[in-house]
Amino acid sequence: QVQLVESGGGLVQAGGSLRLSCAASGNIFLFNAMNWYRQAPGKQRELVAGITRGGSTTYADSAKGRFTISRDVAKNTVYLQMNSLEPEDTASYYCNAFTYRDDYWGKGTLVTVSS
């Protein structure tokens, strides 16, 4: 069973930066893609950024220019570098990985951006 463990969340002031990490228990090349989602209180979960097996990346409009998704294959870890954080970025951030058959989720890490 694949496990995804997020870390790196916390409290930061507006304009600050955080780097989230998602450590997978297996080889991340097994996954078609790995994604970061977030869910704010009272809102639906939304895709923030994703990276495919081939290295292609995608970003939500709200993340473009501020967030960067990357990976370290040797460490089986995907990162989300978040810069110029805004109070609207406050949410629980979840790592997701999927194959053709399975869909995996981490338990999330909380990001709070104060104004």
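What this report covers is the structure whose coordinates are included nearby. As the structure is a computational prediction, the values presented were derived from the model and not from experiment. (Residues numbered from 1 in each chain as written. Predicted model: local features only at pLDDT ≥ 70, side-chain atom pairs only at ≥ 80, totals over all residues. Heavy atoms only, no water.)

1. Concerning the overall build of the chain
Point 1. Broken down by element type, the chain carries zero helices and 11 strands.
Point 2. For the chain, the α and β elements follow one another from N to C terminus as β-β-β-β-β-β-β-β-β-β-β.
Point 3. Relative to the compact-globule value of 13 Å for 115 residues, the chain shows a C-alpha radius of gyration of 13 Å, a close match.
Point 4. Burial analysis of the chain (115 residues in total) assigns 41% to the buried set. (Helix = DSSP H or I, 4+ residues; strand = E, 2+ residues; numbered from the N terminus. Rg over C-alpha atoms; globule rule 2.2 N^0.38 Å. Buried < 20%, exposed > 50% of the residue type's maximum accessible area, 1.4 Å probe, protein only.)

2. Notes on the side chain of Ser 21
Point 1. Looking at the secondary structure, you find Ser 21 in strand S3 (residues 18-24).
Point 2. The class of Ser 21 is buried, set by a relative accessible area of 16%.

3. Observations regarding the state of the cysteines
Point 1. Tallying each qualifying case throughout the model produces one disulfide.
Point 2. The disulfide bridge from Cys 22 ends at Cys 95, spanning 2.0 Å between sulfur atoms. Since a negative S-S torsion denotes a left-handed disulfide, the Cys 22-Cys 95 link at about -80 degrees is left-handed. Of this pair, Cys 22 sits in strand S3 while Cys 95 sits in strand S9 (residues 91-98), placing them 73 residues apart in sequence. Here Cys 22 and Cys 95 have matching classes, each one buried. (Disulfide = S-S within 2.5 Å.)

4. Overview of the sheet that holds S3
Point 1. Strand order in the open sheet formed by four strands is S1-S3-S8-S7, with antiparallel pairing between adjacent strands. The sheet terminates laterally at strand S1 (4-7) and strand S7 (67-72), the two strands that pair on one side only. The mean inter-strand angle of the sheet, taken between neighbouring strand axes irrespective of direction, is 15 degrees. (Pairing = 2+ DSSP bridges. Axes fitted to C-alpha atoms, helices over the stretch in contact; angles between N-to-C directions.)

5. Remarks on the packing of aromatic side chains
Point 1. Using the criterion set out here, one finds two aromatic pairs in the structure.
Point 2. Centre to centre, the rings of Tyr 37 and Trp 105 are 5.0 Å apart; their planes meet at 55 degrees, and the pair counts as tilted. Here Trp 105 lies in strand S10 (residues 103-105) and Tyr 37 lies in strand S4 (residues 33-39), a separation of 68 residues in the sequence.
Point 3. Between Arg 19 and the ring centre of Tyr 79, over which it is positioned, the NZ or CZ distance is 4.2 Å.
Point 4. Between the NZ or CZ atom of Arg 45 and the centre of the ring of Tyr 94, over which it lies, the distance is 3.9 Å. (Phe/Tyr/Trp six-rings, centres within 6.5 Å; stacked < 30°, edge-to-face > 60°. Lys NZ or Arg CZ within 6 Å of the ring centre and 35° of its normal.)

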